[in-house]
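# Coordinate inspection notes
Chain by chain, the residues run as shown.
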Amino acid sequence: MVAPDSPQSSNSCATSVRNNQALFRLQDIWKKADEMRLGGERSALDDRQRLVERAKLYLRKLPPAVSGQHGHDQTFHAACVLVKGFGLAVDEAWEAIKPWNNVCRPPWEERDLRRKLEQADQAPDDKPRGYLIGEVQAPAPSAAPAAEASSPKPPSGLQVACMANIEPKPIRYLVPGLIPLGKLVSINGEGGHGKSTLSLHMAAKISRGEPCFNLNYSPAISGEVLLFSCEDDPADTVVPRLLAAGADLQRVHLVEGVPVEGKPTRMFSLADYQQLKFELQRRPAVRLVVIDPAAAYVGRAKVDDHRDSELRGLLGPLSELAAECSVTVLLIMHLNKGVGAKAIHRVNGSVGYTNAVRAAFVVAPDAHDETRKLFLPMKFNLGPKPQGLAYRLCSLTTEAQAAIVGTYANLTDDDRSRLASQLVRIEWDREPVTVDADTALGEASQPKSVRLDDRELAEGWLKSCLTQRPVESMKCVEQGNAALSLNKPLKWWRETILKDRLGGAPRKTGRPGTAQRWWFTLAKHPWPFPNLEESEEAQEGEETLYGSGSANEDSSSAAPNAIPLLPEESRSTVADSSPSSASSGNRLSGEASPSLTNTHRDSWASSPSSDSSGTVPF
């Protein structure tokens, strides 16, 4: 054991003190290094925060976005200023844009505003990132405190326009009275009825400067077409349909995606309306934009199209873009399976699809003719609702097929044959269509076995009743219901069958104050009908009038003017002998049909204004 005051003990203590001093110096070095590192990080954070504050000051120079006054474009410009001009990340840009967003009318929701910042970050730009950093000077301490810079005062009052300073102008049409220009339009229908073919028919006619839908109007608008199509292959479906419709392919352009610098081309979505605007500015001749199907491009924007507020966030700027660039944006939509619902509620997705467009049409099969398709308006906010049209998908003639496929030398003989067989074009009927969209979709949703029933049978039956002479109205109703196993009221027989389908009218006999009687009459019956009441009274005793006689009774014993009875097994015969034509849009019978002629259609087309009755005579 070493004594405390021995030389060895002194050396050991000195060594321990030196070691402790060295350790303390090393700790001081580490501490200073940590302080320098943390100071650098704090300095970098302070620099980013100062940059965000400078970006806020820059945004104070920009006017706030106002809905309906190109607010979408203004917001996108502000987003580009932050992520491109100042080089901010999306989270930093969100902090910088919040004060500016507070004065927008109305302010954007965080989700929508972040989406615009992300779109701005992906948009191409020919300027270096951060090009605005050197253009903003930090304010003097007395000029604007940081708290005031981050919380600008809200504007007082509203920006308004005096209506006396707004000059009125007429609605412009791509197709007079039918397809407006500068608006959103939709065509809705189930698959397989020719929605896409119909849109390509329009594209072909616009590319050639020819009237659409086989109408006769002048001048026909000529322009280019932009196609967005993600369901049909361009080579084997889209181009053949355009060729069959006679399109000028040099004026029809298919959008393949959105270019991204240094990355593969990404798919287009309706959130890319800014890129669409740039393309339309590059191609000022475009007059029609077809988006087929619209729901697919909404889904790519990660928007739930069953939520009206989210959907309006996409369709709103698209509507503004259509008006600004004077183009018709045609949305192709599918229908849901809501059997029995009104047509406007059959559109798949939110009702916002129908509310956002100015004109909506439905494509439906003709329940009475499987080869015939109906093109019917279900919404038209711009004037009197036009009447519908009808068309068929028809194969081309052999000569027309050869003229098209013969221009492609790369095709083999087998390819030419198969391509020629799939070339179809739309052939339009000249007869008007009076059935409405609700009725057409309702009839189309019924099983085929019950489609040709009540109205068709009642029309043929009542016409046979009234061939010779007028018949008292209640007897027609009672006897018709019994013969056809119906339970229809007097009003249905009078309005739907007698007036609408047969063109007849109810007539009254007897003097005021006495017993008066109502009769069903056809247009060919003279009035007053000679000896009407006397001949009717003479038949009161005839059992055949009410069908109380035997079914096997000799027909010679029946009264000459008796109402015919039809046993259940003969109902199909009535349908076959019905005078209505399956190819007639209004199916009015024979001489009582007040339908429009081709001359009326041609005369309408030269002037899109409505006639004296307030309807557009198609």
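Predicted model only: the values in this text are computed from it and were never measured. (Residues numbered from 1 in each chain as written. Predicted model: local features only at pLDDT ≥ 70, side-chain atom pairs only at ≥ 80, totals over all residues. Heavy atoms only, no water.)

### Side note on the confidence of the model for the chain
The pLDDT averaged across the chain works out to 77; a share of 73% of its residues lies at or above 70. Here helix 21 (residues 598–605) stands out as the least confident element of the chain, with mean pLDDT 37; strand 5 (residues 252–254) is the most confident, with 97. Low confidence marks residues 136–149, where pLDDT is under 50. Its contacts with residues over four positions away, or in another chain, come to nine contacts. In the model, residues 541–618 has pLDDT below 50 throughout and makes 138 contacts with residues more than four positions away in sequence or in other chains. (pLDDT = per-residue confidence, 0-100. Helix = DSSP H or I, 4+ residues; strand = E, 2+ residues; numbered from the N terminus. Contact = heavy atoms within 4.5 Å.)

### Description of the pattern of salt bridges
Taken as a whole, this structure holds 31 salt bridges when the rule is applied. Glu-472 is the salt-bridge partner of Arg-517, the closest N and O atoms lying 3.1 Å from each other. On the criterion of sequence distance, the pair formed by Arg-517 in strand 16 (residues 517–521) and Glu-472 in strand 14 (residues 471–472) is long-range, its members being 45 residues apart. Taken individually, Arg-517 and Glu-472 each receive the classification buried, so the pair is uniform in this respect. Here Lys-499 makes a salt bridge to Glu-495, at a shortest N to O gap of 3.2 Å. (Salt bridge = Lys/Arg side-chain N within 4 Å of Asp/Glu carboxyl O. Buried < 20%, exposed > 50% of the residue type's maximum accessible area, 1.4 Å probe, protein only.)

### With respect to empty space enclosed by the protein
Under the criterion given, the structure shown has five cavities of 30 Å³ or more. Of the pockets and cavities examined, the largest cavity occupies roughly 140 Å³. As for the largest cavity, its lining consists of 14 residues, and the residues nearest its centre are Asp-112, Arg-115, Lys-116, Gly-313 and Leu-314. Looking at the lining of the largest cavity, the elements with two or more residues in it are helix 4 (110–122) and helix 10 (308–325). Among the elements that take part in the lining of the largest cavity, helix 10 stands out by supplying five residues, more than any other. Taken as a whole, the second largest cavity holds about 70 Å³ of empty space. Residue lining of the second largest cavity: Ser-196, Ser-199, Leu-200, Leu-227, Phe-228, Ser-229, Asp-232, Val-238, Val-290 and Asp-292, and that is the complete set. Secondary structure elements with two or more residues in the lining of the second largest cavity: helix 6 (195–208), strand 4 (224–229) and strand 8 (286–292). (1 Å grid on protein atoms, 1.4 Å probe; cavity = no way out; pocket = protein on both sides within 12 Å on 5 of 7 lines; lining within 4 Å. Points joined across faces, edges and corners; volume = space filled by probe spheres on them.)

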